[in-house]
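Structural characterization, general
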Amino acid sequence: MSIIEKSVEVNVPARTAYNQWTQFEEFPRFMDGVLEVRQLDDKMTRWRTNIGGIEKEFDAEITEQIPDKRIAWRSRSGAPNAGVVTFHSLNDQSTRIMVQMDYEPEGIIEKSGDLLGVASRRVEGDLKRFKEFIESKGGETGAWRGKIERPA
């Protein structure tokens, strides 16, 4: 398993950043290689990606969701991956978003890219594009305020 840890500071309140992050279907607007995300129900999403010219589809389950604090997930199909996004209020108008992700690269292209730090730079770029996206909007495009408890 490879681990990626990245963060970015955004000039919006934690509630705004969190609300936007719950809009999974908007991810292709700022995540490189993400073609589509469909929300299947409160806990399940279906992702369609293109990484290194290879298109893949997988399902991910939201394993924990605490409004304004954190969203955790794990893949339920496709390449193994799991992670958590946390939202840390710095003051009334700024937030640090932290991403920790564990994943298992598949195939020679992904493994080679992993050795070169491609996935890490991609997540860093995605966070920078999220910052530009949310700050240019001035507010979230929607919100899901439900809570999902971590299984015991």
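Since the model is a prediction, treat every value here as computed from it, not as a measurement. (Residues numbered from 1 in each chain as written. Predicted model: local features only at pLDDT ≥ 70, side-chain atom pairs only at ≥ 80, totals over all residues. Heavy atoms only, no water.)

Here the structure, examined in full by the defined rule, presents 17 salt bridges. In this structure, the salt-bridge partner of E9 is R96, at a minimum N-O distance of 2.7 Å. With E9 in strand 1 (residues 2-10) and R96 in strand 7 (residues 94-103), this residue pair connects regions lying 87 residues apart in the sequence. Measuring nitrogen to oxygen at the nearest pair gives 3.8 Å for the salt bridge that ties E57 to R46. Of this pair, E57 sits in strand 4 (residues 54-66) while R46 is found in strand 3 (residues 44-51), placing the two residues eleven residues apart along the sequence. Assessed through its relative accessible area of 47%, E57 is described here as partly exposed. (Salt bridge = Lys/Arg side-chain N within 4 Å of Asp/Glu carboxyl O. Helix = DSSP H or I, 4+ residues; strand = E, 2+ residues; numbered from the N terminus. Buried < 20%, exposed > 50% of the residue type's maximum accessible area, 1.4 Å probe, protein only.)

Counting residues in hydrophobic clusters, the biggest one holds 30 residues, and the most contacted among them are V10, W21, F27, W47, F87 and I97. Mapped onto this core, the elements with two or more residues apiece are strand 1, helix 1 (14-21), strand 2 (34-39), strand 4, strand 5 (70-75), strand 6 (81-91), strand 7 and helix 3 (118-137). Per-element tally for this core: the top contributor is helix 3, with five residues. Residues within four places of W47 in sequence aside, it is in contact with F27, M31, V34, E36, V37, K56, E57, F58 and A60. (Core = buried A, V, L, I, M, F, W, Y, C linked by side-chain atoms within 4.5 Å. Contact = heavy atoms within 4.5 Å.)

Of note, the phi angle at D68 is positive, near 70°, even though the residue is not glycine. Summarising the element assignment, D68 is placed in the loop between strand 4 and strand 5.

Take the environment of D102 next. Residue placement: D102 occurs in strand 7. Residues D102 and V84 lie 18 residues apart in sequence; the distance between their C-alpha atoms is 9.3 Å. In contact with D102, other than residues within four places in its own chain, are M1, S2, I3, P80, N81 and A82.

On a regular strand, each side chain points to the face opposite its neighbour's, so the side chains alternate between the two faces of the sheet. In this sheet, strand 6 lies alongside strand 5 in antiparallel orientation, the contact comprising five bridges. Among the inter-strand pairings, R74 is bridged to a residue of strand 6, identified as A82. Sheet topology places strand 6 next to strand 7; ten bridges connect them, and they run antiparallel. By the bridge assignment for strand 7, F87 is matched with I97. (Pairing = 2+ DSSP bridges.)

What follows deals with helix 1. For helix 1, a buried count of seven out of eight residues is recorded, marking the element as mostly surrounded by other parts of the structure. Those residues of helix 1 that are buried lie in contact with strand 1, strand 4, strand 5, strand 6, strand 7 and helix 3.

In this section: the packing of aromatic side chains. In this structure the tally under the stated criterion is eleven aromatic pairs. Ring centres 6.0 Å apart and planes at 50° place the aromatic pair W21 and F30 in the tilted group. The class for F30 is buried, based on a relative accessible area of 2%. Feature note: the residues Y18, W21, F24, F27, F30, W47, F58, F87, F130 and F133 constitute an aromatic cluster, connected by ring pairs. (Phe/Tyr/Trp six-rings, centres within 6.5 Å; stacked < 30°, edge-to-face > 60°.)

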